[in-house]
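# Structural overview
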Amino acid sequence: QVQLVESGGGLVESGGSLRLDCAASGRFTRIYDMGWFRQAPGKQRELVTVVTRDGSTTYADSVKGRFTISRDNTKNTVQLQMNNLNPEDTAVYYCHADSRTWLSDPINRYWGQGTQVTVSS
């Protein structure tokens, strides 16, 4: 199993920056895709960004050019650098990781507890 611990959320003014961090621990052979979802009040959870094990990235259109995801496979961590934040970015951000204990196991998606990001005007 994988446990994900997130940090870095908080309150920031519009135009400011935050960096979210997510550290994975537990029993697993590999972590495959890692990334971030977010959920704003009254809205569905949406994919923000994903990074594969080899470093390929995908971003939601709403964050392209402003957010940057990166990972360290040796430390089993993933980071989300968030620049030029605006109030529409206010949401709970959830880290996720796809992994399995053994190669014979199915790949499961694991989730962090979520961290609040609030952007004021």
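The structure this text deals with has already been given above.
Rules used throughout
- Residues numbered from 1 in each chain as written.
- Predicted model: local features only at pLDDT ≥ 70, side-chain atom pairs only at ≥ 80, totals over all residues.
- Heavy atoms only, no water.
- Disulfide = S-S within 2.5 Å.
- Helix = DSSP H or I, 4+ residues; strand = E, 2+ residues; numbered from the N terminus.
- Buried < 20%, exposed > 50% of the residue type's maximum accessible area, 1.4 Å probe, protein only.
- Pairing = 2+ DSSP bridges.
- Axes fitted to C-alpha atoms, helices over the stretch in contact; angles between N-to-C directions.
- Salt bridge = Lys/Arg side-chain N within 4 Å of Asp/Glu carboxyl O.

Turning our attention to the state of the cysteines. In this structure the tally under the stated criterion is 1 disulfide. The disulfide bridge from Cys22 ends at Cys95, spanning 2.1 Å between sulfur atoms. Its S-S torsion of approximately -85 degrees makes the covalent link between Cys22 and Cys95 left-handed. Residue Cys22 is located in strand E3 (residues 18–26), and its partner Cys95 is located in strand E9 (residues 91–100); the two are separated by 73 residues in the primary sequence. Summarising the burial analysis for this pair, Cys22 and Cys95 share the class buried.

Bringing the sheet that holds strand E1 (residues 2–7) into the picture now. In spatial order, the strands read E1-E3-E8-E7; together these 4 strands make up an open sheet with antiparallel pairing. Of all strands in the sheet, those with a lone pairing partner are E1 and strand E7 (67–72), marking the two edges. For this sheet the average axis-to-axis angle between neighbouring strands, irrespective of direction, equals 15 degrees. Pairing geometry for E3 and strand E8 (residues 77–82), over 6 bridges, is antiparallel. When the sheet's bridge partners are listed, Cys22 is paired in E8 with Val78.

Relative to E3, E1 runs antiparallel, the two sharing 6 bridges. From the neighbouring strand, Gln3 faces E3, where its bridge partner is Ser25.

Quick look at the pattern of salt bridges now. Applying the stated criterion across every chain, the model contains 7 salt bridges. A salt bridge links Asp21 to Arg19; the nearest nitrogen and oxygen atoms lie 3.3 Å apart. By sharing partners, the salt bridges in this structure join Arg38, Glu46, Arg66 and Asp89 into a single network.

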